Amino acid sequence: MTGASPSDRSPWRRREEVDEDMCLGVPGRVDEVWEAGGTRMARVDFGGVRKEVCLAYVPEVEVGDYTIVHVGFALTKLDEASALESLELFGQLGRLEEEPHTP
Amino acid sequence: MRYLDEFNDPALARSLLDDIARRTTRPWAVMEVCGGQTHGIIRHGIDQLLPEQLTLVHGPGCPVCVTPLETIDRALAIAARPEVTFCTFGDMARVPGSHTDLLSVKAGGGDVRLVYSPLDALHLAEEDPARQVVFFAIGFETTAPANAMAATLARDKALTNFSLLVSHVLVPPAIEAILSAPDCRVQGFLAAGHVCTVMGTGQYESLAARHHVPIVVTGFEPLDLLEGIRRVVTQLEEGGAELQNAYARAVRPAGNPVARRVLDEVFETCDRTWRGIGAIPASGWRLREEWAAFDAERRFDVGGITAVEPAACRAGEVLQGLCTPTECPAFGTACTPRTPLGAPMVSSEGACAAYYQYRRLEAPVIR
């Protein structure tokens, strides 16, 4: 990263309307899993807002996993290795810029 | 790793923006086809941080916005029946039909409930067998698994007082229609990450190859959006036209196989009219014949419906990316989120509502 930090004029801030944005696919952490009438259900924590979520489509999800929830259904388990890989790539872009340019 | 703050990091965003700026040498138009992404782009001002040559075009990615007027009028007629408890997602309740909306039906004594999930509607049906509970099952491939599961559970529980008014829409045929239009100016696409968590990436691979257009599966946080844009621009500048997945932490190539199996059991492909756009072949899902007992359209005969669109509204052009919300003369005056003329002003995923919330008081941007 070169130059002044853009954080003072950063256009984005922390999400404060987690509940409203939930249908836009906010990731949440699975806190508790149980069985109800043959269907796996979970309590999922979205930054403090907790919701009951159906796990029927993600049999692999366990307590502690992060998942994307849409209208009450978990659709996918977030993969930490892929997330770290993306962030590493973004970091490399910044470091490339710091190197002197060869004409 | 909480998968939120990490993908909101301003320093990494600057690196991505700088890389995009360095790569962009010509004018390009890139479309996002997901209301969640439109909302994120406008909310975070991402379009204003990009090089001037790069234009983001907002596509028809708001499910509430493209639900056909005729279907909304049908929903209104069903909701007004005395024996019906009509359940809907909140943003659908204020979408104007030809003459009224669901909240007005509720104000007039109709039993209209706003629910978070179709399972809430299913519970209402179980609790009160005397009521006919109808769920308004709209949305893209992301919402359909929830509705398919509601139908499955209703069948398993042998409920006779639960039905779905289904009007699902599919993203790939819409992209196909946009690319096939003679005046198409879109050169690359951000594919909706959450649609792909369900359906996988195969359909987009074939679209990219057939139309020779780069498509990048993209997430929703600021860094995700920037990386999607960066990968599309990189391909455009280098002449590439392939499907790439920039949202690998959530999207697997085959999507969600369990959900796809249930979807296939419950729904079949059908032609669908998109509000503001028109008919698109094979662009929707409806209940299969075996599920007719749970089809609200068959259960409730509401007679012939004649739909009438308000003349002042330019929602159709906004949905096709032909004009921006602020170019509509009704924007922010006759049409506001409290008094919407068109659906894109209602839903938080609608482009007009996003511009109203984040842009209406802004001076024109000088670059």
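Residues numbered from 1 in each chain as written. Chains lettered and ligands numbered in written order. Predicted model: local features only at pLDDT ≥ 70, side-chain atom pairs only at ≥ 80, totals over all residues.

Student: Which residues make up the overall build of chain A, and what values go with them?
Tutor: Counting its regular elements, chain A contains two helices and five strands. Put simply, chain A runs from its N terminus to its C terminus through helices and strands in the order α-β-β-β-β-β-α. The burial tally for chain A puts 30% of its 103 residues in the buried class. Sequence separation of at least 24 residues holds for 34% of the intrachain contacts in chain A that already meet a minimum separation of 6. (Helix = DSSP H or I, 4+ residues; strand = E, 2+ residues; numbered from the N terminus. Buried ≥ 20, exposed ≤ 12 C-beta atoms within 10 Å, placed from the backbone. Contact = placed C-beta atoms within 7 Å.)

Student: Explain the overall build of chain B to me, and be specific about the residues and the numbers.
Tutor: Scanning chain B from terminus to terminus reveals 16 helices and 11 strands. On C-alpha atoms alone, chain B measures out to a radius of gyration of 21 Å, which is about the 21 Å that the 2.2 N^0.38 rule sets for 367 residues. The principal-axis extent of the C-alpha atoms belonging to chain B is close to 65 × 45 × 45 Å. Looking at chain B as a whole, 57% of its 367 residues qualify as buried. Across chain B, every contact between residues at least 6 apart in sequence was considered, and the portion connecting residues at least 24 apart equals 76%. (Rg over C-alpha atoms; globule rule 2.2 N^0.38 Å.)

Student: Please provide a residue-by-residue account of the nonpolar core, values included.
Tutor: Across soluble globular proteins, nonpolar side chains have a tendency to be buried as a group. Among the nonpolar cores identified, the biggest contains 144 residues, and A:F73, B:A150 and B:L164 are the most heavily contacted of them. For this core, the leading source of residues is helix α8 (residues 144-156) of chain B, giving eight residues. (Core = buried A, V, L, I, M, F, W, Y, C linked by C-beta atoms within 7 Å.)

Student: So what about the pairing of strand β4 (residues 111-114) of chain B? Which residues, and what values?
Tutor: Residues and elements named next belong to chain B. In this sheet, β4 lies alongside strand β3 (residues 84-88) in parallel orientation, the contact comprising four bridges. Bridge pairing in β4 links T85 to D111. With helix α6 (residues 102-107) bridging β3 and its parallel neighbour β4, the resulting β-α-β unit is right-handed. (Pairing = 2+ DSSP bridges. Right-handed = clockwise from strand over helix to strand, strands pointing away.)

Student: Lay out unusual backbone geometry in plain terms, naming residues and giving numbers.
Tutor: Residue and element names in this part refer to chain B. Despite not being glycine, Y3 shows a phi value in the positive range, around 65°. In this fold, Y3 is placed in the segment before α1 (10-23). The phi angle at A158 is positive, at roughly 55°, despite the residue not being glycine. On the basis of neighbour count, A158 is assigned to the exposed category, with 6 C-beta atoms found within 10 Å.

Student: Requested: an account of the confidence of the model for chain A, with residues and values cited.
Tutor: Residue and element names in this part refer to chain A. In the predicted model, chain A carries a mean pLDDT of 79, and 70% of its residues have values of at least 70. Of all helices and strands in chain A, the one with the weakest mean pLDDT is helix α1 (residues 18-21) (39), whereas strand β5 (residues 73-77) scores best (97). Below pLDDT 50 for its whole length, residues 1-23 participates in 29 contacts with residues either more than four positions away or in separate chains. (pLDDT = per-residue confidence, 0-100.)

Student: Talk me through the pairing of strand β10 (residues 267-274) of chain B; I want residue IDs and the actual numbers.
Tutor: With seven bridges joining them, β10(B) and strand β11 (residues 278-287) of chain B adopt antiparallel strand pairing. The residue of β11(B) that forms the bridge with B:R272 is B:I280.

Student: Tell me what's going on with the interface of chain B and chain A, and back it up with residues and numbers.
Tutor: Tallying the contact residues gives 40 residues for chain B and 36 residues for chain A. For the side of chain B that touches chain A, the elements supplying multiple residues, two or more each, are α1, α2 (35-43), α7 (118-127), α8, α10 (193-199), α12 (222-238) and α13 (257-266) of chain B. Among the elements that take part in the side of chain B that touches chain A, α1(B) stands out by supplying eight residues, more than any other. Taken together, the residues that form the side of chain B that touches chain A break down as 21 nonpolar, 13 polar and six charged. (Nonpolar A, V, L, I, M, F, W, Y, C, P; charged D, E, K, R; others polar.)

Student: For the sheet that holds β11(B), give the residues involved together with the corresponding values.
Tutor: Residues and elements named next belong to chain B. Pairing within the open sheet is mixed, and its six strands lie in the order β4-β3-β5-β6-β11-β10. Every interior strand has two partners, whereas the edge strands, β4 and β10, have only one. On average, adjacent strands in this sheet sit at an angle of 25° to one another, irrespective of strand direction. Sitting on the sheet, α8 touches β5 (132-139), β6 (162-169), β10 and β11, and the angle it makes with β6 is about 155°. (Axes fitted to C-alpha atoms, helices over the stretch in contact; angles between N-to-C directions.)

Student: Summarise the sheet that holds strand β1 (residues 28-32) of chain B; cite the residues concerned and give the values.
Tutor: Residue and element names in this part refer to chain B. Spatial strand order, β2-β1-β7-β8-β9: five strands in an open sheet with parallel pairing. Both outer strands of the open sheet, β2 (54-58) and β9 (243-245), are each paired with one neighbouring strand and no more. The average angle at which neighbouring strand axes cross in this sheet is 25°, direction not considered. Where strand β8 (residues 215-218) and β9 come together, three bridges link them in parallel fashion. The residue bridging I215 from the neighbouring strand is L243, located in β9. Each of β1, β2, β7 (188-192) and β8 touches α2; the most contacted strand, β1, lies at about 125° to it.

Student: I'd like a description of the environment of B:E205, backed by residues and values.
Tutor: By the secondary structure assignment, B:E205 is in helix α11 (residues 202-211). B:E205 sits 125 residues away from B:A80 along the chain, and the two C-alpha atoms are 44 Å apart.

Student: Can you tell me about the environment of B:A250, naming the residues and giving the values?
Tutor: Among the structural elements, B:A250 can be located in the loop between β9 and α13. The class of B:A250 is buried, set by 27 C-beta atoms lying within 10 Å.

Student: Tell me about the domain arrangement of chain B, residues and numbers included.
Tutor: All names here are of chain B. Under the domain assignment, chain B is made up of domain 1 (5-62 + 181-193 + 203-245), domain 2 (64-170 + 255-299) and domain 3 (315-359). Between the C-alpha centres of domain 1 and domain 3 there is a distance of 22 Å. Of the residues lining the interface, 14 residues belong to domain 1; the matching set on domain 3 comes to 13 residues. Residue contributions to the side of domain 1 that touches domain 3 peak at six residues, all from α2. Of the residues that constitute the side of domain 1 that touches domain 3, the class distribution is six nonpolar, seven polar and one charged. (Domains from an automatic or database assignment.)

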